[in-house]
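Spelled out from the first residue to the last, the chains are:
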Amino acid sequence: MSDTLKSNLERAEHYLERFKQQTTGHYINGEFTLGQGGKEYDNYTPTDNSSLGKVMAGSVEDMNAACEAAEAAFESWSNTPGSERKRLLNKFADRLVERADEIALVESMDCGQAIRFMKQAAVRGAANFRFFADKAPEAQNGLALHQEEHTNYTIRKAIGPVGIITPWNTPFMLSTWKIAPALAAGCTVVHKPAELTPLSAYILAEIADEVLPKGVWNMVNGFGEGVGKRMTEHPAIKAVALVGETATGSHIMRQGADTLKRMHFELGGKNPVIVFDDADFERALDAVVFMIYSLNGQRCTSSSRLLIQSGIRDRFIAALEQRVRNLRVGHSLDPETEVGPLVATEHYNKVLSYFDIAKQDGATTAVGGRRISEAQGNINPAGNYLEPTLFTGANNQMRIAQEEIFGPVLTAISFDTEDEAVQIANDTQYGLSGYIWTENTGRAMRMAKQVEAGMLWVNSENNRNLPSPFGGVKMSGIGRDGGDWSFDFYMETKNVCIAHGTHRVPTLGKR
Ligand code: NAD
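As the structure is a prediction and not an experimental result, all values here were calculated from the model.

The next thing to look at is the domain arrangement of the protein chain. Considered domain by domain, the protein chain is made up of domain 1 (3–267 + 472–495) and domain 2 (272–458). Here domain 1 and domain 2 have C-alpha centroids that lie 30 Å from each other. In this assembly, 33 residues from domain 1 lie in contact with 39 residues from domain 2. With both sides pooled, the region where domain 1 packs onto domain 2 buries about 2,900 Å², and carbon together with sulfur makes up 59% of that total. For the pair domain 1 and domain 2, the number of links is 1 salt bridge. The partner of E452 in a salt bridge is K474, and the shortest N-O contact between them spans 2.6 Å. Joining domain 1 to domain 2, the criterion identifies 20 residue pairs in polar contact (both at pLDDT 80 or more). Breaking the side of domain 1 that touches domain 2 down by element, the ones donating at least two residues are α1 (3–21), α4 (100–111) and α5 (115–118). Per-element accounting of the side of domain 1 that touches domain 2 gives the leading share, 5 residues, to α1.

Printed below as a string of structure tokens:
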């Protein structure tokens with residue numbers, strides 16, 4: 001065991017001790033509480049499936065209390081000057097950075113993501129807070145729209161208390177990405193973290209407790225069908241932002257129908273990376289490997305379908321096979337690890353099931369395709385480890401090309417022409433992201449226009465830009481995050497029309 005891994009394990013143990021010793025509860029109306037009538041469950045680490053402690057799955061009453069607290073705090077928070085919200089949210093960001101080591105280690109142990117990708121998590125989370133904090137003072141701004149005898153202007157006001165439901169793949173990052181703009185806009189928040197990864201949400205609530213007025217941030221742990229469902233039905237909640245699976249989006253849309261909630265969904269994907277013969281070979285290879293095998297492939301924007309043009313197919317696949325074989329699977333806290341264990345046994349088994357499905361479909365398992373069931377290096381076989389996997393000889397009708405596997409598993413499909421690439425890329429229910437590799441600018445622009453996705457990257461892996469819109473089309477989502485798009489979701493736009501005193505007001509009943 002390397003010294004760094006040993007030191008990471010020791011520090012992680014130190015940070016996790018309190019979670020092991022006492023049940024992790026909720027944060028409601030400025031109080032940490034175990035709530036009323038909930039049930040405890042064990043939270044396991046995917047590194048060896050031992051328990052990281054008990055967590056309280058809240059009750060409907062707990063969720064009601066959280067929604068009522070958010071409602072009570074709304075008027076004061078939404079009327080707090082933008083400059084003050086900015087100050088508080090920047091303070092929040094400072095505290096995230098101060099607790100960066102703890103956040104990275106706890107998050108890695110909770111969700112299995114390799115520490116090399118998590119060590120910047122707090123800094124990136126803080127960047128989310130700072131970006132929206134700085135925009136808080138201008139969030140209300142609108143447009144001036146002139147007519148001959150009237151002037152219209154628009155103003156925005158926070159929509160009300162909002163519900164934020166997050167998944168387990170990168171729970172900390174996604175929570176900050178959703179919650180920061182809501183608070184900057186003037187909304188109060190009820191957060192429902194993923195049941196499989198509750199720990200970083202608790203740290204966020206602790207920072208909220210230090211920095212924000214009571215009731216502005218509430219957090220209830222528990223399951224989707226329990227507290228999650230209740231949140232989406234509660235009349236105090238005016239909008240729900242979900243990051244999760246497509247099927248969950250459909251459930252939530254139904255659940256929120258009676259109270260006419262505004263919905264924002266960031267859902268699943270089966271994103272294509274399209275590599276043309278004229279692509280920069282090495283850069284494309286780096287990006288293809290990075291965008292499916294980093295973050296354990298548990299990433300919504302992962303490029304899980306490689307569409308490779310026939311002219312370079314054999315050379316590219318051969319180089320890719322070598323890279324995938326070389327990937328270092330290991331304990332999440334080892335700085336050398338490139339692929340860690342998958343988040344939980346159920347998800348692990350789901351990903352493993354695609355190894356048989358690929359065979360039944362007639363694809364070739366070029367690399368991997370097996371669970372790791374023997375101790376090797378720092379891998380404990382009790383954990384959810386598997387070999388990074390590459391399927392070749394696939395076509396787009398196969399289940400491995402249509403379904404979101406959400407693991408370090410890539411399906412490679414060959415194409416000949418640009419038209420064929422577009423047709424294959426679009427032949428999916430999803431439309432989150434796409435990646436195009438070509439040195440031909442005209443082709444890149446034609447492809448960017450035709451590929452059905454909310455986000456396209458040309459000659460790049462996923463590059464984050466906070467002011468740019470983030471979101472999907474088709475079954476990958478509704479709405480956009482980022483920059484002013486986030487404020488549009490969390491705020492209502494009001495139009496005020498003022499007459500110049502010159503127009504003729506229609507006259508009725510005058511004799
Ligand atoms: P999930 O849909 O199972 O769960 C997400 C959250 O929804 C959890 O907190 C869960 O408890 C809650 N939930 C489930 N059912 C609910 C219900 N009926 N009412 C209210 N809440 C409910 O998703 P997951 O398995 O945690 O995460 C993986 C999924 O998230 C993948 O499909 C992935 O593509 C997607 N994802 C999308 C993006 C994006 O930006 N598009 C980003 C990350 C992850």
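Still more to cover.
Below, the discussion takes up the sheet that holds strand β20 (residues 491–499). Pairing between sheet strands relies on hydrogen bonds along the backbone, with the strands arranged either parallel or antiparallel. Read from one edge of the open sheet, 3 strands run β5-β6-β20, paired in antiparallel fashion. Each end of this open sheet is capped by a strand with a single partner; those strands are β5 (144–146) and β20. Within the sheet, the average angular offset between the axes of one strand and its neighbour, ignoring direction, is 20°. Bridge analysis of β5 against strand β6 (residues 150–158) gives 3 bridges, and the strand direction is antiparallel. Paired with L145 across the strands is N152, a residue of β6.

Procedures and definitions
- Residue numbering note: each chain is counted from 1, following its sequence as written.
- In keeping with the predicted nature of the model, local features appear solely for residues at pLDDT of at least 70, side-chain atom pairs appear and are counted solely at 80 or more, and the whole-chain, interface and lining totals rest on all residues.
- For side-chain calculations, the full set of non-hydrogen atoms in the structure is used, while hydrogens and water are omitted.
- These domain boundaries are the output of an automatic or database domain assignment.
- Any two residues whose heavy atoms approach within 4.5 Å at even a single point are treated as in contact.
- By buried area we mean how much accessible surface two parts lose on assembly, using a 1.4 Å probe and totalling the loss over both.
- A pairing counts as a salt bridge when a side-chain nitrogen of Lys or Arg comes within 4 Å of a carboxyl oxygen of Asp or Glu.
- Any pair of N or O atoms that falls within 3.5 Å is considered a polar contact. Within protein, one atom must be able to donate a hydrogen and the other to accept it, and sequence-neighbouring residues count only if both atoms are side-chain atoms.
- Only DSSP runs of H or I covering at least 4 residues are called helices, and only runs of E covering at least 2 are called strands; the numbering of each starts at the N terminus.
- Two strands pair if DSSP finds at least two bridges between them.
- Note on geometry: axes are C-alpha line fits, over the in-contact stretch for helices, and angles between N-to-C directions span 0 to 180 degrees.

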